[in-house]
Amino acid sequence: MQISLIAVGQKMPAWVTKGYEEYTKRMPPECQLQLIEIPLNKRSKNSHIARLMEKEGEQMLNSIKKDTLVVAMEVQGKPWSTEQLAEQMDSWMQSGRNIALLVGGPEGLAPACLKRAEQKWSLSSLTLPHPLVRIVIAEQLYRAMSILKHHPYHK
């Protein structure tokens, strides 16, 4: 199974890249995690935010391959425990489909992305900085896989 983390924003600080890469390299061969970065459109006080979000959303949707299960990272989504995430991952693997996890920009995901999503997952009701979200997702996916593989990491 291929999991694509499709996130708005580029040029992350080194600590973000290192943290994200640490967990992606730990993922087992049958569950690879790849990052697809969508450029954040420049915002100013006169920007038409809805139009910028729509453009970013189009780019996100265009990067998703056919028959991919789309999961929107959304504050209003379901807050899964790590064990529930492991169950989700097991279900995803059994489906035989690839997964796309969508992380929006500062204003969230475009309505078209939310509409395309088959599931909505909330990491927290807290507002998290988008660079940190990448690391949290990668770590939690690795932790869920360690549960499924009966690896001692999750203790």
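So, here is what we can say about the structure in this document. Here the structure is a predicted model, which means the values were calculated and not measured.

**Looking at the pattern of salt bridges**
- Throughout the structure, instances matching the rule amount to seven salt bridges.
- For Glu 30, the salt bridge identified is with Lys 149, shortest N-O distance 2.2 Å. Of the two residues, Glu 30 sits in the loop between helix H1 (14-26) and strand E2 (32-38) while Lys 149 sits in the segment after helix H5 (130-148), which places them 119 residues apart along the sequence.
- Judged by relative accessible area, Glu 30 falls into the partly exposed class, the value being 32%.
- Across the salt bridge formed by Arg 97 and Asp 67, the nearest N and O atoms sit 3.6 Å from each other. You can see Arg 97 sitting in the loop between helix H3 (82-95) and strand E4 (99-103) and its partner Asp 67 sitting in the loop between helix H2 (49-62) and strand E3 (69-78), a full 30 residues away along the chain.
- Under the relative-accessibility criterion, Asp 67 is labelled exposed at 56%.
- One continuous salt-bridge network, built from bridges that share partners, spans Glu 22, Lys 25 and Arg 26.

**As for the sheet that holds strand E5 (residues 119-121)**
- If you walk across this open sheet you meet the five strands as E2-E1-E4-E3-E5, and the pairing is parallel. Edge positions in the sheet fall to E2 and E5, since each has one partner strand and no second. Shown here is a sheet whose adjacent strand axes are inclined to one another by a mean of 30 degrees, direction ignored.
- Here H2 sits on the sheet in contact with strand E1 (2-8), E2 and E4, set at roughly 165 degrees to E1.

**What to know about the nonpolar core**
- Counting residues in each nonpolar core, the largest one holds 29 residues, and the members touching the most others are Met 89, Trp 92, Leu 101 and Leu 141.
- Counting residues per element, the ones that place at least two in this core are E1, H1, E3, H3, E4 and H5.
- For this core, the element with the most residues is H5, which contributes eight residues.
- Apart from the residues within four sequence positions on either side, Met 89 is in contact with Met 1, Ile 3, Met 27, Cys 31, Leu 141, Ala 144, Met 145 and Leu 148.
- Ile 6, Val 8, Ala 72 and Leu 102 belong to the second-largest nonpolar core, a separate cluster that totals 14 residues.

**Section: H2**
- The terminal C-alpha atoms of H2 lie 20 Å apart, and with 14 residues this matches the ideal 20 Å at 1.5 Å per residue to within 8%.
- Those residues of H2 that fall on the buried side of the exposure criterion are Leu 52, Met 53, Glu 56, Gly 57 and Met 60. Projected down its long axis, H2 shows its buried positions confined to an angular sector of 135 degrees, all on one face. Counted as exposed and oriented over 90 degrees from the buried face of H2: Arg 51 and Asn 62.
- Summarising the contacts, the buried residues of H2 are in contact with E1, E2, E4 and helix H4 (111-116).

**Thoughts on the environment of Ser 4**
- Relative to the helices and strands, Ser 4 is located in strand E1.
- Among the residues examined, Ser 4 registers a relative accessible area of 10% and is labelled buried.
- Spatially, the C-alpha atoms of Ser 4 and Leu 33 are 5.8 Å apart, while their sequence positions differ by 29 residues.
- In contact with Ser 4, other than residues within four places in its own chain, are Gln 34, Ile 36, Ile 99, Ala 100 and Leu 101.

**What to know about the side chain of Gln 140**
- Relative to the helices and strands, Gln 140 resides in helix H5.
- The buried category is assigned to Gln 140, whose relative accessible area is 18%.

**Quick notes on the packing of aromatic side chains**
- For the structure on display, the rule yields three aromatic pairs.
- Between Tyr 23 and Tyr 142 the ring centres are 6.2 Å apart and the planes differ by 40 degrees, which places this aromatic pair in the tilted class. With Tyr 23 in helix H1 and Tyr 142 in helix H5, the pair connects residues that are 119 residues apart, well separated along the chain.
- Residue class for Tyr 142 comes out buried when judged on its relative accessible area of 10%.
- Consider the rings of Trp 80 and Trp 92, whose centres lie 6.1 Å apart with planes at 65 degrees: the pair is edge-to-face. Placement of the pair is Trp 80 in the loop between E3 and H3 and Trp 92 in helix H3, with a sequence separation of twelve residues.
- In textbook terms, an aromatic cluster arises when at least three aromatic residues are bridged by ring pairs, as seen for Trp 80, Trp 92 and Trp 121.

Rules of the game
- Residues numbered from 1 in each chain as written.
- Predicted model: local features only at pLDDT ≥ 70, side-chain atom pairs only at ≥ 80, totals over all residues.
- Heavy atoms only, no water.
- Salt bridge = Lys/Arg side-chain N within 4 Å of Asp/Glu carboxyl O.
- Helix = DSSP H or I, 4+ residues; strand = E, 2+ residues; numbered from the N terminus.
- Buried < 20%, exposed > 50% of the residue type's maximum accessible area, 1.4 Å probe, protein only.
- Pairing = 2+ DSSP bridges.
- Axes fitted to C-alpha atoms, helices over the stretch in contact; angles between N-to-C directions.
- Contact = heavy atoms within 4.5 Å.
- Core = buried A, V, L, I, M, F, W, Y, C linked by side-chain atoms within 4.5 Å.
- Expected span 1.5 Å × (residues − 1).
- Arc of directions from axis to C-beta.
- Phe/Tyr/Trp six-rings, centres within 6.5 Å; stacked < 30°, edge-to-face > 60°.

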